[in-house]
Structure formats: structure tokens, C-alpha cells
Amino acid sequence: GGGGSRQVMLLLRHIFHGCRLVHADFSEYNLLWYNGRVVVIDVSQAVEHDHPNALVFLRKDCENAILFFRRQGVRPLPTLQQLFGFVTDPVIGRGEEEAAYDALLAAGAPHGEQEA
């Protein structure tokens, strides 16, 4: 459940930790909205999370997600640094992702940090 933006940010983390992949072309063009859920498509270019460029691709995937929802007027949104940290954080346990994401949004952007 949850809004589209929340689902997308959680999907980025699930793809990274659960599937051990980085989509590498994550954008609104590769997402479908079906019965209130976001579905990721076109994963043919995905790379394993330990690929030499995986973190570069992941940063761009995070940036694309934030910029899309910002253009739609969705608030609050994490900064790029916050979202990248959330997606890659090895300490957040399975089943704790939603609460961790909600806490990140509730905390807001660190003082002086630029958005994506």
C-alpha cells in the first residue's frame, strides 16, 4: 500500500537489497500503476548490485524518482542523499523499511542540504 511516491522509493530499496540489482533505467517510463500498486517493468538493463557502475546507476535511478514526483507536486520527498542512503542502508531490517522511510520523511532535509 501507500502512495505512488512511497511505493517507488520502497521499490528502489527492495530491488537493491531483495533482488540484489540496480534497475539502471528507473523512471516513470518503466513503471506502471495497476490496481493501486506500482509495478516495475523493463528490467533487461538491470545490473547486479556489485557491478562496477551499480552505485552510479543507482544514484541516477534515485534522482529520476525524486525529480518525477517533484514535477508532480508531491511533498514531502527525500533529498537525493537521503534516498540513496535509505536504499543502500545495510542496517534497516526486513520488515522495517516502511517505518524507516516514514521516519526519514518526518525528519525532513538536513539543514542546508540541497534537493536533487
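Please read all numbers here as calculations on a predicted model, not as lab measurements.

K.L.:
Explain the environment of leucine 21 here, please?
P.N.:
Structurally, leucine 21 is set in strand 1 (residues 21-22). On the accessibility criterion, leucine 21 (28% relative accessible area) is partly exposed. For the pair leucine 21 and glutamate 48, spaced 27 residues apart in the sequence, the C-alpha separation amounts to 4.3 Å. Residues within four places of leucine 21 in sequence aside, it is in contact with Ile15, Phe16, Ala46, Val47, Glu48 and His49.

K.L.:
Before we go on, may I ask you to explain the pattern of salt bridges in this structure?
P.N.:
Side chains bearing opposite charge may pair, as long as their charged atoms lie close to each other. Throughout the structure, instances matching the rule amount to 5 salt bridges. Linking arginine 71 and glutamate 28 is a salt bridge whose minimum nitrogen-to-oxygen distance equals 3.2 Å. Of this pair, arginine 71 sits in helix 2 (residues 54-71) while glutamate 28 sits in the loop between strand 1 and strand 2 (31-34), and the two are 43 residues apart along the sequence. Residue class for arginine 71 comes out exposed when judged on its relative accessible area of 55%. Given a relative accessible area of 25%, glutamate 28 falls into the partly exposed group. Residue glutamate 63 pairs with lysine 60 through a salt bridge whose shortest N-O separation is 3.5 Å. Taken together, the positions of glutamate 63 and lysine 60, both in helix 2 and 3 residues apart, correspond to about one turn of that helix. For glutamate 63, a relative accessible area of 17% puts it in the buried group. The network of salt bridges with shared partners includes Arg6, Glu98 and Asp102.

K.L.:
Is there a simple way to explain a nonpolar patch on the surface in this structure?
P.N.:
A cluster of nonpolar side chains, Leu32, Tyr34, Val39 and Ile41, forms an exposed patch at the surface whose accessible area comes to about 360 Å². Its location among the elements puts tyrosine 34 in strand 2. Look at tyrosine 34 and you get exposed, because its relative accessible area is 57%.

K.L.:
Help me out: how do you make sense of unusual backbone geometry in this one?
P.N.:
Most of the time, phi is negative for any residue but glycine, and the peptide bond is trans. In the segment running from arginine 75 into proline 76, the intervening peptide bond is cis, with an omega of 0°. Mapped onto the fold, proline 76 is located in the loop between helix 2 and helix 3 (80-88). Not every positive phi belongs to a glycine, and arginine 20 is a case in point at roughly 60°. Summarising the element assignment, arginine 20 is placed in the loop between helix 1 (4-17) and strand 1. For aspartate 42, which is not glycine, the phi torsion reads 55° and is therefore positive. With respect to the secondary-structure elements, aspartate 42 resides in the loop between strand 3 (37-40) and strand 4 (47-48).

K.L.:
Quick question: what am I supposed to make of the packing of helix 1 against helix 3 here?
P.N.:
Working note: a packed helix pair is described by the angle between its axes plus the distance between those axes. Where helix 1 contacts helix 3, the axes come no closer than 8 Å and their chain directions differ by 40°. The orientation of helix 1 relative to helix 3 falls into the category oblique. Of the two possible hands of crossing, helix 1 and helix 3 adopt the one that is right-handed. In this structure, helix 1 contributes Met9, Leu10, Leu12, Arg13, Phe16 and His17 to the contact, and helix 3 contributes Leu83, Phe86, Val87 and Thr88. For the contact of helix 1 with helix 3, the residue count by class is 7 nonpolar, 2 polar and 1 charged.

Conventions we followed
- Residues numbered from 1 in each chain as written.
- Predicted model: local features only at pLDDT ≥ 70, side-chain atom pairs only at ≥ 80, totals over all residues.
- Heavy atoms only, no water.
- Helix = DSSP H or I, 4+ residues; strand = E, 2+ residues; numbered from the N terminus.
- Buried < 20%, exposed > 50% of the residue type's maximum accessible area, 1.4 Å probe, protein only.
- Contact = heavy atoms within 4.5 Å.
- Salt bridge = Lys/Arg side-chain N within 4 Å of Asp/Glu carboxyl O.
- Patch = residues over 30% accessible without salt bridge, like charges linked within 9 Å, V, L, I, M, F, W, Y side chains within 5 Å.
- Areas by Shrake-Rupley, 256 points an atom, 1.4 Å probe, with all protein chains shown as cover.
- Axes fitted to C-alpha atoms, helices over the stretch in contact; angles between N-to-C directions.
- Parallel < 35°, antiparallel > 145°, perpendicular 65-115°, else oblique.
- Left-handed = near helix turned anticlockwise from the far one by under 90°.
- Nonpolar A, V, L, I, M, F, W, Y, C, P; charged D, E, K, R; others polar.

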